[in-house]
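# Descriptive analysis of the structure
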Amino acid sequence: MEEILKIAGMVLALVKGIWPAIKNLFGQNDDSPSNDQIEIFQTSWEGRPASLENDFVGRQADLDRVVDTVGESGVVVISGGAGTGKTRLAIEFTYESETGGFWTSAGATAEQTLTGLAPKLEINTAGMNDKDIAMNVRGAIADLPNGLVWVIDNLPEFAQVNELQASASNLTLLITTRDSRGYLLPSTAAFLNLTLLEPEAAVEILRSKGADDADEAVLVEIVDAVGYLARKGVGW
């Protein structure tokens, strides 16, 4: 029996040693997530708000732009003032896009923002300070497959972006912020600046909320009064 166990151990060691070559031979490498990983990451948007579904109107062109840009850049920033619909665009992206990813709120520092990802990665943070948690998050991110998106909502300022990008280089970062200083971003980042809604889009939002039969002129007066902000028109 001892001899059999010894032979079995040798066979196991041999298989483990040549397994990378076997995977490469059949076109599978370490960067390719397994079916189990794909299942996990496609349903990993824990914590994101609900979609407006058919009630999302007025910003479809902006959403299409976000979807296209996320596929082209490692860092995508949605910037705009309060009520312009930054977070809502990011929310709807997570439902429209077929990619998996994570949803967190930004912290006051890059270290704190990284710690916000710890629960999503099932990191046990008991007894650890922010620095240790951030270090563990960086290690866990490095083991993730490529192609995932990390949404960081309400980043206070762009000073964090370089460190976050370096810590999560295999992820695409989708960031919402009120910081309008796009010139502070890395040259590889995509900067999407949201402005006020066009009058037609603002009126479309009101109609989607039950004002179908209202007079056009009245609706224009309403959207003019609330300042063409998506949140005021739809409750974003």
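These notes cover the structure that comes with them. (Residues numbered from 1 in each chain as written. Predicted model: local features only at pLDDT ≥ 70, side-chain atom pairs only at ≥ 80, totals over all residues. Heavy atoms only, no water.)

The next thing to look at is helix α4 (residues 86–96). Burial runs high along α4: eight of the eleven residues are buried. For α4, every residue scored as buried is listed here: K86, R88, L89, A90, I91, E92, F93 and T94. Packing partners of the buried residues in α4 comprise α3 (60–70), β1 (75–79), β2 (101–105), β3 (149–155) and β4 (172–177). (Buried < 20%, exposed > 50% of the residue type's maximum accessible area, 1.4 Å probe, protein only. Helix = DSSP H or I, 4+ residues; strand = E, 2+ residues; numbered from the N terminus. Contact = heavy atoms within 4.5 Å.)

In a regular helix each residue adds 1.5 Å, so 13 residues correspond to 18 Å; helix α6 (residues 130–142) covers 18 Å between its end C-alpha atoms and thus fits that length. For α6, the full list of buried residues reads I133, A134, V137 and I141. Taken end-on, α6 shows its buried residues confined to a sector of 100°, consistent with a single buried face. Of the exposed residues in α6, the ones pointing more than 90 degrees away from its buried face are K131, M135 and A142. One side-chain oxygen of the residue at the start of α6 lies 3.2 Å from the amide nitrogen of K131, identifying that residue as N129. (Expected span 1.5 Å × (residues − 1). Arc of directions from axis to C-beta. Polar contact = N/O pair within 3.5 Å; in protein donor to acceptor, adjacent residues only side chain to side chain.)

Across all of its chains, the model carries five salt bridges by this definition. Between D62 and R65 there is a salt bridge; the shortest N-O distance is 3.4 Å. Here D62 pairs with R65, and both are found in helix α3, just three residues apart, close to one helical turn. We classify D62 as buried; its relative accessible area is 16%. Between D179 and R181 there is a salt bridge, with the nearest N and O atoms lying 2.9 Å from each other. Since its relative accessible area comes to 8%, D179 is described here as buried. For R181, a relative accessible area of 33% translates into the label partly exposed. The structure contains a network of salt bridges with shared partners spanning R59, D62 and R65. (Salt bridge = Lys/Arg side-chain N within 4 Å of Asp/Glu carboxyl O.)

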